[in-house]
Amino acid sequence: MYHAAMGTKDPRVDEYIGKAAEFAQPILKKLRSLVHKGCPDVVETIKWGMPAFDYKGPLCGMAAFKKHCAFGFWKAALLFADKERAKDEGISKLTWGAPGRDPKKACIESVDDLPSDAVFLKLLKEAVRLNDDGVKVPSTKTRRKPLPMPDDFKAALKKSKKAAANFEDLAPSHKREYIEWIIEAKREETRQRRIATAVEWISEGKSQNWKYERKKK
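These remarks concern the structure in this document. Just so it is clear, the model here is predicted, and its values are computed rather than measured. (Residues numbered from 1 in each chain as written. Predicted model: local features only at pLDDT ≥ 70, side-chain atom pairs only at ≥ 80, totals over all residues. Heavy atoms only, no water.)

**Remarks on the pairing of strand β1 (residues 43–47)**
Here β1 runs beside strand β2 (residues 50–54); their pairing, made up of 5 bridges, is antiparallel. From the neighbouring strand, Lys47 faces β2, where its bridge partner is Met50. Counting the residues in the hairpin turn of β1 and β2 gives 2 residues, including Trp48, whose phi is positive at 55°. (Pairing = 2+ DSSP bridges. Helix = DSSP H or I, 4+ residues; strand = E, 2+ residues; numbered from the N terminus.)

Given below as structure tokens:
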């Protein structure tokens with residue numbers, strides 16, 4: 001549930017700024033002020049120990065380190081899809097966390113490193129629009145390709161109808177665990193022993209890590 005009528009300030013952000021190094025405090029105060037100016041309905045919070053700003057979901061965040069500060073947008077992947085944009089508009093310091101960006105170039109060491117207020121607010125309003133429109137950042141997760149079934153393991157499963165049926169019902173991740181366990185064996189005798197054990201466990205409806213799963217219960 002998000003605040004739609006007005007933004008809020010979090011006293012923890014005041015505390016964070018107060019504890020930051022002397023050089024960092026004016027930078028953090030300036031960034032905070034601009035975020036509220038560009039998005040009056042923004043809600044402050046602390047995430048991962050750093051000040052964060054929400055508006056219909058995560059919007060942006062900032063942090064202070066020993067010798068520099070950093071500011072990043074949650075949907076940086078969309079805002080900086082054009083690789084030349086940060087250079088052309090002088091906003092390279094605001095690309096903290098953006099895919100393919102050099103973290104060193106996103107180090108803010110003084111207020112002078114920030115772009116003009118107009119440039120900052122333009123970028124912030126684009127980020128706000130993305131949240132207004134419910135645009136999501138494309139997932140970077142890639143599905144792992146299934147491992148090829150070892151012939152000897154396949155043959156062993158065929159000898160047990162129950163094991164073969166249970167293996168087919170296993171989740172892809174559990175199938176992969178068994179196959180990895182078998183192909184990682186360095187010695188042939190170890191491999192065959194693991195195949196025999198795998199068939200036994202699978203026929204009993206167990207995953208390869210069933211012992212650990214029992215301990216968690």
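Text resumes after the structure shown.
**Examining the layout of surface pockets**
One number sums up the size of the largest pocket: a volume of about 480 Å³. Lining of the largest pocket is provided by 25 residues; of these, Gly72, Phe73, Trp74, Trp96 and Gly97 occupy positions nearest its centre. Among the elements of the structure, β2, β3 (58–64), β4 (69–73) and α3 (76–79) are those that each provide at least two residues to the lining of the largest pocket. Grouping the amino acids of the lining of the largest pocket by side-chain chemistry returns 19 nonpolar, 4 polar and 2 charged. (1 Å grid on protein atoms, 1.4 Å probe; cavity = no way out; pocket = protein on both sides within 12 Å on 5 of 7 lines; lining within 4 Å. Points joined across faces, edges and corners; volume = space filled by probe spheres on them. Nonpolar A, V, L, I, M, F, W, Y, C, P; charged D, E, K, R; others polar.)

**Focus on the environment of Leu121**
For Leu121, the location among the structural elements is in helix α5 (residues 117–132). Leu121 sits in the buried class, given a relative accessible area of 13%. In contact with Leu121, other than residues within four places in its own chain, are Leu34, Lys37 and Gly38. (Buried < 20%, exposed > 50% of the residue type's maximum accessible area, 1.4 Å probe, protein only. Contact = heavy atoms within 4.5 Å.)

**A look at the side chain of Thr45**
Take Thr45: it is sitting in strand β1. Separated by 3.4 Å, the side chains of Thr45 and Arg12 make a polar contact. Dropping the residues within four chain positions of it, Thr45 is found in contact with Asp10, Arg12, Val13, Met50, Pro51, Ala52 and Asp54. (Polar contact = N/O pair within 3.5 Å; in protein donor to acceptor, adjacent residues only side chain to side chain.)

**What to know about the environment of Trp201**
Checked against the element boundaries, Trp201 lands in helix α9 (residues 188–203). Sequence spacing of Trp201 and Ala163 is 38 residues, and the spatial spacing of their C-alpha atoms is 8.2 Å. If we skip the residues at most four places from it in the chain, Trp201 touches Tyr178, Trp181, Lys206, Ser207, Gln208, Trp210 and Lys211.

**Concerning the packing of aromatic side chains**
Counted by the stated rule, this structure contains 6 aromatic pairs. With a centroid separation of 6.1 Å and an interplanar angle of 5°, the aromatic rings of Trp48 and Trp74 are classed as stacked. Linking Trp48 in the loop between β1 and β2 with Trp74 in the loop between β4 and α3, this pair joins segments that are 26 residues apart in sequence. Using a relative accessible area of 67% as the deciding quantity, one classes Trp48 as exposed. Overall, the relative accessible area of 47% leaves Trp74 in the partly exposed class. (Phe/Tyr/Trp six-rings, centres within 6.5 Å; stacked < 30°, edge-to-face > 60°.)

**Describing unusual backbone geometry**
Leaving glycine aside, a negative phi is the common case for residues, and trans is the common case for peptide bonds. Phi at Trp48 is positive, roughly 55°, even though this residue is not glycine. Unusually for a residue other than glycine, Lys56 sits at a positive phi of about 55°. When you line up the elements, Lys56 lands in the loop between β2 and β3. Classification of Lys56 by relative accessible area gives partly exposed; the value is 45%.

**Some points on the pattern of salt bridges**
Summed over all chains, the structure comprises 12 salt bridges. Ionic pairing is found between Asp10 and Arg12, a salt bridge with its closest N-O pair at 2.7 Å. Arg12 sits in the partly exposed class, given a relative accessible area of 41%. Its salt-bridge partner being Glu204, residue Lys206 comes within 2.8 Å of it at the nearest N-O pair. Via salt bridges that share partners, Asp14, Arg32 and Glu44 belong to a single interconnected network. (Salt bridge = Lys/Arg side-chain N within 4 Å of Asp/Glu carboxyl O.)

**Quick notes on the sheet that holds β2**
Read from one edge to the other, the open sheet built from 4 strands follows the order β1-β2-β3-β4, with strand pairing classed as antiparallel. The sheet is open, and its two edges are formed by β1 and β4, each paired on a single side. On average, each strand axis in the sheet is tilted by 20° relative to the strand beside it, whichever way the strands run. Most of the contacts of α5 go to β3, to which it runs at about 135°, and overall it touches β3 and β4. (Axes fitted to C-alpha atoms, helices over the stretch in contact; angles between N-to-C directions.)

**Let's talk about the nonpolar core**
Counting residues in hydrophobic clusters, the biggest one holds 37 residues, and the most contacted among them are Leu59, Phe71, Phe73, Leu94 and Phe120. Within the residue set of this core, elements represented by two or more residues are α1 (11–19), α2 (24–38), β3, β4, α3 and α5. When residues in this core are grouped by element, the largest group, 7 residues, is from α5. When sequence neighbours within four positions are dropped, the list of residues in contact with Leu94 reads Phe71, Gly72, Phe73, Phe80, Ile108, Leu114, Pro115, Phe120 and Leu123. (Core = buried A, V, L, I, M, F, W, Y, C linked by side-chain atoms within 4.5 Å.)

Remember that the coordinates give geometry; whether it matters functionally is a separate question.
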